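Residues per chain, in single letters:
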Amino acid sequence: MRKPRELSTSGKIAAYIILSLFALFSLYPVLNVFSVSLRPGDRLLSKSLAIIPENATLQTYQQLFTREPFLRWMFNSILVSAIVTVVSVALASTAGYAFSRYRFKGRSAAMVGLITTQMFPVTMLLLPLFIMLIKIKAYDNYSGLIIAYAATALPFAIWQMKGYYDTIPYSLEEAARIDGCSEVGIFWRIVLPLAAPALVITALFSFMTAWSEYLVAAVLIQDQRLFTLPLGLKTFQSTMEVSWGLYSAGAVIVSLPVVVLFLFLSRWLISGLTLGSVKG
Amino acid sequence: MASGVGEIKVNRLAYLYTLPALTVLALVVLYPFVYNVVISFSNMNLAHFRDWRLIGFQNYLTVLKDRSFWYFFLKTVLWTALNLIFHVSIGVFLALLLNKDLKGKSFYRTILILPWAMPQYITALTWRGMFNSEYGAIPLLFERWFGISIPWMTTEWGAFTACLITNIWLGFPFMMIIALGGLQSIPDELYEAAEIDGASPWLKFRHITMPLLKPVMAPAVTLGVIWTFNNFNVVWLVSNGGEPSDTTHILVSWVYKTGFTYFRFGYAAAFSMIIFAILLIFSWNFIKRTRAVEAVY
């Protein structure tokens, strides 16, 4: 008898063909944008479909760093994303702990409230924020951006942290309590170190939220010197015919660190995402 | 459990732990939400920015009487349904394959979650470039292989299809990963027993895989519907703000346009509330029916 996970030879061949086709579908846009970024300036508008273009060159990358404010955008994005990451990890790790371990008034209301925020259309919060900013003439400010991003990342981050704390055995805390450890000490010295994988995932998610957000930034930031990467890259795209190469080179650089981190951490991410749902 | 420890002390700590996060959410979510409700009942627009007054349900009536609302509503439903059908079927199908004994599984898995790892706006802008009628890879491929040219970005349904393809690319890895996690928790013995009883692969899928995958997929599908229904980025960036001539919209992108291009604040606020209400009613029903949340909290 065949094992449930085993496939017949023809089944295997079919599986590999299908997986390869979908892998190609996944990979193609990435290859395409990489390919465009390597094209020399005079061949940018070529109709060639070769992945490594003729006379491949890194000149668009050079131009991106030397003649465009790309480094400034990158600095802005790193600054904003780093602060958002710190803020949301700090807030989500504590709030998630309370939701996991304590029963208190308003707990379930708050948890349902967190899910409800996912149903808000962007315009519902963006519109009042925009109007408020016009009124107090507080355009072009990162503090608004940072708070908005942290608030976007928080509901998911809190759920994620709560789900992970739920899997940490409570007996560890009991033991520490008997040994005379304070409540805050239990959280800080016992639970938090054990939750390190979840903290990493939450940090990654918060960073990605801020690193990849376009719309809120487009509304809140008008000053070109304060542009984050998404705003900057969008300016290339609006004149795609002339700066397609620049956009592509920028897209490759912006995606690379996120993609590498994501793939590297994906194993933990996957277990984190499925843990909460499987246990029911 | 926690109740064994002094109740009051525990409670106070719980508030201390949750307060910072809830304060931020109240500031950026709750307060603007309430403000939005107020605007939705007012006549605020560019002409009446500071001297606005409350006008009751008029904005809501205007939205509901507008034919373009219903048109974009149906389109959003179609958009959400098509996306979810593709996301879930492709995702579950690939997860089934990745759950088999195959060499190089983790290699394929890594490539297949690539679309999920890319920043969404880059995905959208890159696909827009690929659909460019003259130099984009997709029209060129279609011409070379099939000898046909499809008016992707110049017609309403061409642009809709372009957005759809982009979003399918973007969304199937999430469903695949969730399904894979669910599949791995199904014990092999169930399949072995079914095999002894002579069950066909379809019967095994229908009576073992599907029911056991359902509790895992239900919360993911709920989230998927909400995200897709409200997916501003892909539609807005691929169609470049609703091109051609404001036909390629779903509800959120249309609201954004009325709010931030035409500055009809009251109208846009009421419109946003209606979208929110639609999603709230849907999610509640769906969650109740599938008991999706039970597993989540």
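Residues numbered from 1 in each chain as written. Chains lettered and ligands numbered in written order. Predicted model: local features only at pLDDT ≥ 70, side-chain atom pairs only at ≥ 80, totals over all residues. Heavy atoms only, no water.

So, about the interface of chain B and chain A. Listed by partner, the interface residues are 109 residues for chain B and 103 residues for chain A. Here chain B is connected to chain A by one salt bridge. With its nearest N and O atoms 3.2 Å apart, the salt bridge here joins Arg5 of chain A to Asp188 of chain B. In terms of residues, the side of chain B that touches chain A owes the most to one element, helix α1 (residues 7-40) of chain B, which gives 21 residues. (Contact = heavy atoms within 4.5 Å. Salt bridge = Lys/Arg side-chain N within 4 Å of Asp/Glu carboxyl O. Helix = DSSP H or I, 4+ residues; strand = E, 2+ residues; numbered from the N terminus.)

So, on to unusual backbone geometry. Residue and element names in this part refer to chain B. In this chain, Glu243 is followed by Pro244 through a cis amide linkage whose omega measures -10°. Inspection of the secondary structure assignment puts Pro244 in the loop between α11 (232-238) and α12 (251-260). The backbone of Ser245 shows a phi angle near 35°, a positive value even though the residue is not glycine. For Ser245, the position within the fold is in the loop between α11 and α12.

So, about the pattern of salt bridges. Residue and element names in this part refer to chain A. A complete count under the given rule lists ten salt bridges over all chains for this structure. Close ionic contact of Arg101 with Glu173 constitutes a salt bridge, the shortest N to O distance being 2.7 Å. Of this pair, Arg101 sits in helix α3 (residues 70-101) while Glu173 sits in helix α7 (residues 170-178), and the two are 72 residues apart along the sequence. Several salt bridges converge on common partners, so that one network encompasses Glu174, Arg177 and Glu183.

Moving on, we come to the packing of α3 of chain A against helix α6 (residues 142-167) of chain A. Relative orientation of the contacting elements α3 of chain A and α6 of chain A amounts to 40°, with a least axis distance of 6 Å. The way α3 of chain A lies across α6 of chain A gives a crossing that is right-handed. (Axes fitted to C-alpha atoms, helices over the stretch in contact; angles between N-to-C directions. Left-handed = near helix turned anticlockwise from the far one by under 90°.)

Here we come to the packing of helix α3 (residues 67-98) of chain B against helix α10 (residues 201-229) of chain B. Residue and element names in this part refer to chain B. Relative to each other, α3 and α10 sit at 140°, their axes nearing to 10 Å. One way to sum up the angle between α3 and α10 is to call them oblique. Between α3 and α10 lies a crossing of right-handed hand. Here α3 contributes Phe73, Thr76, Trp79, Thr80, Asn83, Leu84, Val88, Val92 and Leu96 to the contact with α10, which in turn contributes Phe205, Thr209, Leu213, Met217, Val221, Gly224, Val225, Thr228 and Phe229. Residue composition of the contact of α3 with α10, by class: twelve nonpolar, six polar and no charged. (Parallel < 35°, antiparallel > 145°, perpendicular 65-115°, else oblique. Nonpolar A, V, L, I, M, F, W, Y, C, P; charged D, E, K, R; others polar.)

Further remarks concern helix α7 (residues 137-146) of chain B. Regarding α7 of chain B, the residues found buried are Ala137, Ile138, Pro139, Leu140 and Leu141 of chain B. Looking at the buried side of α7 of chain B, the elements it contacts are α1 (9-38) of chain A together with α6 (120-130) of chain B. Just past α7 of chain B, the residue Gly147 of chain B takes up positive phi, approximately 65°. (Buried < 20%, exposed > 50% of the residue type's maximum accessible area, 1.4 Å probe, protein only.)

So, about empty space enclosed by the protein. Applying the stated criterion across every chain, the model contains six cavities of 30 Å³ or more. By volume, the largest cavity amounts to about 1600 Å³. Lining the largest cavity are 48 residues, with Gln118, Thr152 and Thr209 of chain A together with Gln120 and Trp227 of chain B positioned closest to its centre. Top element by residues in the lining of the largest cavity is α6 of chain A. It accounts for nine residues. Within this model, the second largest cavity holds a volume of roughly 70 Å³. Forming the boundary of the second largest cavity are 15 residues, of which Asn32, Arg39, Ser48 and Leu49 of chain A together with Ala137 of chain B lie nearest the centre. (1 Å grid on protein atoms, 1.4 Å probe; cavity = no way out; pocket = protein on both sides within 12 Å on 5 of 7 lines; lining within 4 Å. Points joined across faces, edges and corners; volume = space filled by probe spheres on them.)

Here we come to the environment of Lys204 of chain B. All names here are of chain B. As for its position among the elements, Lys204 is in helix α10. Of the residues examined, Lys204 reaches a relative accessible area of 15% and is grouped as buried. Put simply, Lys204 and Tyr191 are 13 residues apart on the chain and 7.0 Å apart in space, counted from C-alpha to C-alpha. If we skip the residues at most four places from it in the chain, Lys204 touches Tyr191, Ala194, Glu195, Ala199 and Thr209.

This part covers the environment of Ile178 of chain B. Residue and element names in this part refer to chain B. Position of Ile178 relative to the elements: it lies in helix α8 (residues 156-184). On the basis of relative accessibility, which here comes to 4%, the residue Ile178 falls in the buried class. Between the C-alpha atoms of Ile178 and Gly91, which are 87 residues apart in sequence, the distance is 8.5 Å.

Take the packing of aromatic side chains next. In this structure the tally under the stated criterion is 52 aromatic pairs over all chains. An angle of 80° between the planes, with centres 4.8 Å apart, marks the rings of Trp236 of chain B and Tyr256 of chain B as edge-to-face. Taken together, the positions of Trp236 of chain B in helix α11 and Tyr256 of chain B in helix α12 put the pair 20 residues apart, joining distant regions of the chain. Judged by relative accessible area, Tyr256 of chain B falls into the buried class, the value being 9%. In textbook terms, an aromatic cluster arises when at least three aromatic residues are bridged by ring pairs, as seen for Phe22 and Phe25 of chain A together with Trp127, Phe131, Phe142, Trp145, Phe146, Trp152, Trp169 and Phe172 of chain B. Lying across the ring of Trp157 of chain B, Lys75 of chain B places its NZ or CZ 4.8 Å from the centre. (Phe/Tyr/Trp six-rings, centres within 6.5 Å; stacked < 30°, edge-to-face > 60°. Lys NZ or Arg CZ within 6 Å of the ring centre and 35° of its normal.)

All names here are of chain A. Confidence along chain A averages 85 in pLDDT terms, with 91% of residues attaining 70 or more. Within chain A, helix α12 (residues 240-278) has the poorest average pLDDT of any element, 76, and α3 the best, 94. Predicted confidence for residues 276-280 stays below pLDDT 50, and this span has eight contacts to residues more than four positions away or in other chains. (pLDDT = per-residue confidence, 0-100.)

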